[in-house]
Amino acid sequence: KTYYNVLILQYLFPAEHRMQAQSQLQAVANTILADKPVSQDDYEIELYLHDQLTARCTYDTTAAEQDTIVSPNAYSAYGALVEGKAVCEGYAKAMQLLLQKSDIPTTLVTGKAIENSESHMWNLVTINGENYHLDPTWNDNNDNQQHTFFNLTTEMIGLSSTIENPDKYPPCTATADNYFVRNDTIIDTYERRVIAQKIAIRLLAGDTIIQLRFTTGKFENGVLFLKNQKLMTSMVSEHLTDHNTSMWNYELWADDGQRVLTLIKKG
């Protein structure tokens, strides 16, 4: 059997730099945690921390194309929270740090993106006693804060990613704290007036990014409806007649794998 009797550790930073970076990281984390919701609902705390992270961080495409040694910070919580740039590993570690400081159990999950077989990392979290998959990296889509991958079941995350050594992780089957369940934006109908009503409700709640998740077989109908912006705007407006607001112009994004349609306000 192969064995080793020499271990060489290559330090990326001198000790003084490391201590300074650790202090900066803790300061940013403490600033975020100081304003977290005072709630017994883990979901509310998780949502706040997730949105703070994705608002502060941008995906570092340059680092993703380089070796870890070239851009080490991008693979750390420091890169995500202090420098505001990271790859998936940095996002996941930052999320882990914030959740653990909030006494919410979490661990890191490794796997590959189904679309291109690239290595990927995200979080497995325990929210209100149930396990879910949370992927802050893919929720930070071109700096448009989304929640497509917020508290998914094992089956749902499997539509987009394969889990490396899946037996290492507990199965995730709960849906109560899935983002779309909590916001009542799961669409299980062909009725366009129902879809329009759900959009109107989110618009009145102040959302500038509205996401709808469709059940199997309903997605294509949703795509056709939301692509017809004139028709959709007219039908949403029927639910806004008693309110001093109107449907805004939007850009439509579609995630076929997760069956999610996203409306992003223009301007």
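Cut-offs used in this document
- Residues numbered from 1 in each chain as written.
- Predicted model: local features only at pLDDT ≥ 70, side-chain atom pairs only at ≥ 80, totals over all residues.
- Heavy atoms only, no water.
- Helix = DSSP H or I, 4+ residues; strand = E, 2+ residues; numbered from the N terminus.
- Rg over C-alpha atoms; globule rule 2.2 N^0.38 Å.
- Buried < 20%, exposed > 50% of the residue type's maximum accessible area, 1.4 Å probe, protein only.
- Contact = heavy atoms within 4.5 Å.
- Salt bridge = Lys/Arg side-chain N within 4 Å of Asp/Glu carboxyl O.
- Pairing = 2+ DSSP bridges.
- Axes fitted to C-alpha atoms, helices over the stretch in contact; angles between N-to-C directions.
- Parallel < 35°, antiparallel > 145°, perpendicular 65-115°, else oblique.
- Left-handed = near helix turned anticlockwise from the far one by under 90°.
- Nonpolar A, V, L, I, M, F, W, Y, C, P; charged D, E, K, R; others polar.

A look at the overall build of the chain
Here comes step 1: Each helix and strand in the chain was counted, giving 11 helices and 13 strands.
Here comes step 2: What you see for the chain is a C-alpha radius of gyration of 20 Å, in line with the 18 Å of a compact globule of 267 residues.
Here comes step 3: Overall, the chain is about 70 × 45 × 35 Å in size when its C-alpha atoms are taken along their principal axes.
Here comes step 4: Each of the 267 residues in the chain was classed as buried or not, and the buried ones make up 47%.
Here comes step 5: Sequence separation of 24 or more characterises 61% of the internal contacts of the chain that already satisfy a separation of 6 or more.

Observations regarding the pattern of salt bridges
Two side chains that carry opposite charge are able to pair once their charged atoms sit near each other.
Here comes step 1: Using the criterion set out here, one finds seven salt bridges in the structure.
Here comes step 2: Put simply, Lys-198 and Asp-184 hold a salt bridge, and the shortest N to O gap is 3.1 Å. Of this pair, Lys-198 sits in helix H9 (residues 192–204) while Asp-184 sits in the loop between helix H8 (179–182) and strand E10 (186–187), and the two are 14 residues apart along the sequence.
Here comes step 3: For Lys-198, a relative accessible area of 14% gives the class buried.

Some points on the sheet that holds E10
Here comes step 1: Taken in spatial order, the four strands of this open sheet run E10-E11-E13-E12, and their pairing is mixed. Looking at which strands have only one partner, the edges of the open sheet turn out to be E10 and strand E12 (250–255).
Here comes step 2: Across five bridges, the pairing between strand E11 (residues 209–214) and strand E13 (residues 260–265) is antiparallel. If you follow Gln-211 over to E13, its bridge partner there is Thr-262.
Here comes step 3: This element, H9, spans E10, E11 and E13 of the sheet and lies at about 145° to E11.

A word on the pairing of E12
Here comes step 1: The sheet contact formed by E12 and E13 spans six bridges and is antiparallel. The residue of E13 that forms the bridge with Asp-255 is Val-260.

As for the packing of helix H1 (residues 15–34) against helix H2 (residues 42–56)
Here comes step 1: Contact pair H1 / H2: the axes reach a minimum separation of 10 Å and the direction vectors enclose 130°. When the interaxial angle is binned, H1 and H2 end up oblique. Handedness of the H1/H2 crossing: right-handed. Along the contact surface, H1 presents Val-28, Thr-31, Ile-32 and Leu-33, while H2 presents Tyr-48, Leu-49, Gln-52 and Arg-56.
Here comes step 2: For the contact of H1 with H2, the per-class residue count stands at five nonpolar, two polar and one charged.

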